[in-house]
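Residues per chain, in single letters:
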Amino acid sequence: MPELDRLFRPEIQQMQPYVPGEQPQGGKFIKLNTNENPYPPSQRVVAALASAAASRLERYPDPLGTAFRVRAAEVLGVEPDWILCGNGSDDILTILTRAFVGSSDKLRLPYPSYILYRTLAQLQGAQYEEIRFREDFSLAEDFSKPDAQLRLAFLPNPNSPSGTVIEPQRIADMAAQLTCPLLVDEAYADFAESHCIELVKQNPRLMVSRTLSKSYALAGLRFGFLVAQPAIIEMLRKVKDSYNCDSLSLAAATAAIDDQAWLRDNRQKVNATRQRMTVRLRELGFTVADSQANFVWCTRSDRPVQPLYEALKRDQVLVRYMNYPQWGDGLRISVGTDDQIDACLDLLAGHLR
Ligand SMILES: Cc1ncc(COP(=O)(O)O)c(C=O)c1O
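Keep in mind that this is a model prediction, so the values were computed, not measured.

Criteria and thresholds
Residues numbered from 1 in each chain as written. Predicted model: local features only at pLDDT ≥ 70, side-chain atom pairs only at ≥ 80, totals over all residues. Near = placed C-beta within 6 Å. Nonpolar A, V, L, I, M, F, W, Y, C, P; charged D, E, K, R; others polar. Pairing = 2+ DSSP bridges. Helix = DSSP H or I, 4+ residues; strand = E, 2+ residues; numbered from the N terminus. Contact = placed C-beta atoms within 7 Å. Axes fitted to C-alpha atoms, helices over the stretch in contact; angles between N-to-C directions. Domains from an automatic or database assignment. Parallel < 35°, antiparallel > 145°, perpendicular 65-115°, else oblique. Left-handed = near helix turned anticlockwise from the far one by under 90°. Buried ≥ 20, exposed ≤ 12 C-beta atoms within 10 Å, placed from the backbone. Right-handed = clockwise from strand over helix to strand, strands pointing away. Expected span 1.5 Å × (residues − 1).

A. Just the site of the ligand, in detail. Residues in contact with the ligand amount to 13 residues; listed here are only the nearest, G88, S89, D90, T211 and S213. Class assignment of the residues belonging to the shell around the ligand gives a composition of four nonpolar, seven polar and two charged.

Next comes the structure, spelled out in structure tokens:
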């Protein structure tokens, strides 16, 4: 082992790094690999950024993001003290793991799902327990089985990579059975038909995280938030960095959540394209899960899909190839503009001939 590695905690030495999707900085890729929104954000966001950049950058930001929380609370039907702002929802996931999961405690997550959850457990020196989705992406009862060591459960809904949804009533039942907090990660819920914000009011151990990266087209900004009961939020404030959100992202996020007309229009466009690409991918012989997110999960049993990913990449179209040991592999294709998706599907059809 190299000399300097020994300086690190054993957990850090042993863990594999989390590898985010490719983010090519040059070239002319059609980028359908990390579930970004293909459309630019609301013009109001751009104006808010310009105005925030022109004033007060010499001062620290509001540590609690009050202006954002006030507006978001109105939109979501809660009070501002039910919201915690984060530097992307990854920051919220980190805060929760640090707050609830100590070394040798256990974190539960479904499999396959967002790979970062594992990494967060490993950083804490904690164990993680993966509960496999059934083939139809329903979740076995085991997910809500009580366990003395269990300190936190993560449930992405809609899930990634499948885009599938577990109904809120079922989630309420699972949260009631679990003795630990349950975080419903709603990174993609703005594209879905249901969400779990109301459940937070009924069960203090149920929390919901959201991001502005996807449905508000602000992945480059880094802003997410948590909805939880005030007593939980108050404790979590002890764990977050003092100034975890900067003035520019706070101003932009406030303008973004204020523009609900933009969100409705964007959701309608993205969901219409998702519907169209699902139909066409099925015609091309893929098995496509019923997605309520801004991406679709495609598999096939008649041929390997990795060569299709590679061929598309040579064509300058980036989709995500995912291989989950003991589960299987597939392509996760983000919803792009209609033109981008038509180009991707035409190329795919060519590679399948
Ligand atoms: C399920 C899920 N949760 C959370 C995130 C993190 O989003 P962000 O940190 O950009 O808010 C992602 C990003 O891809 C995701 O897929």
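B. Spatial organisation of the sheet that holds strand β9 (residues 287–288). Spatially, five strands are ordered β1-β11-β12-β10-β9 in an open sheet, and the strand pairing comes out mixed. Bordering the open sheet on either side are β1 (30–32) and β9, each of which pairs with just one other strand. In the packing of helix α11 (residues 306–314) onto the sheet, contacts are made with β11 (317–324) and β12 (328–334), and the angle to β11 comes to roughly 160°.

C. Region of interest: the domain arrangement of the protein chain. When the domains of the protein chain are assigned, the result is domain 1 (3–32 + 261–352) and domain 2 (43–259). A separation of 23 Å is found between the C-alpha centroids of domain 1 and domain 2. Domain 1 puts 24 residues into the contact, and the matching count from domain 2 is 25 residues. Secondary-structure elements contributing two or more residues to the side of domain 1 that touches domain 2 are α10 (260–283), β10 (295–299), β11 and β12. Top element by residues in the side of domain 1 that touches domain 2 is α10. It accounts for seven residues. When the residues that make up the side of domain 1 that touches domain 2 are grouped by side-chain class, the tally is 14 nonpolar, six polar and four charged.

D. Fine view of the packing of α11 against helix α12 (residues 338–352). Put simply, α11 and α12 touch, their axes get as near as 10 Å, and they point 125° apart. Relative to α12, α11 is oriented oblique. Between α11 and α12 lies a crossing whose hand is right-handed. Packed against α11, whose contacting residues are L308, A311 and L312, the element α12 presents C344, L347, L348 and H351 at the interface. In the contact of α11 with α12, the residues fall into six nonpolar, one polar and no charged.

E. Quick peek at the pairing of strand β5 (residues 150–156). Burial analysis of β5 places seven of its seven residues in the buried class, the great majority of the element. The sheet contact formed by strand β3 (residues 106–111) and β5 spans three bridges and is parallel. Paired with L107 across the strands is L152, a residue of β5. In this structure, β5 lies alongside strand β6 (residues 182–185), joined through four bridges in parallel fashion. Counterpart to P156 in the pairing with β6 is D185. In this fold, β5 hands off to helix α6 (residues 168–177), which returns the chain to β6; that crossover is right-handed.

F. How the structure looks around the environment of K106. Mapping K106 onto the fold places it in strand β3. Sequence spacing of K106 and E129 is 23 residues, and the spatial spacing of their C-alpha atoms is 7.0 Å. When residues no more than four places from it in sequence are discounted, the contact partners of K106 are A126, Q127, E129, D147, Q149, L150 and R151.

G. How the structure looks around helix α9 (residues 247–258). Over its twelve residues, α9 runs 17 Å from end to end, which matches the ideal 16 Å to within 8%, given 1.5 Å per residue. Counting buried positions along α9 gives ten out of twelve residues, so the element sits mostly inside the fold. Those residues of α9 not exposed but buried are S249, L250, A251, A252, A253, T254, A255, A256, I257 and D258. The inward-facing, buried residues of α9 contact α2 (43–53) and α3 (66–76).

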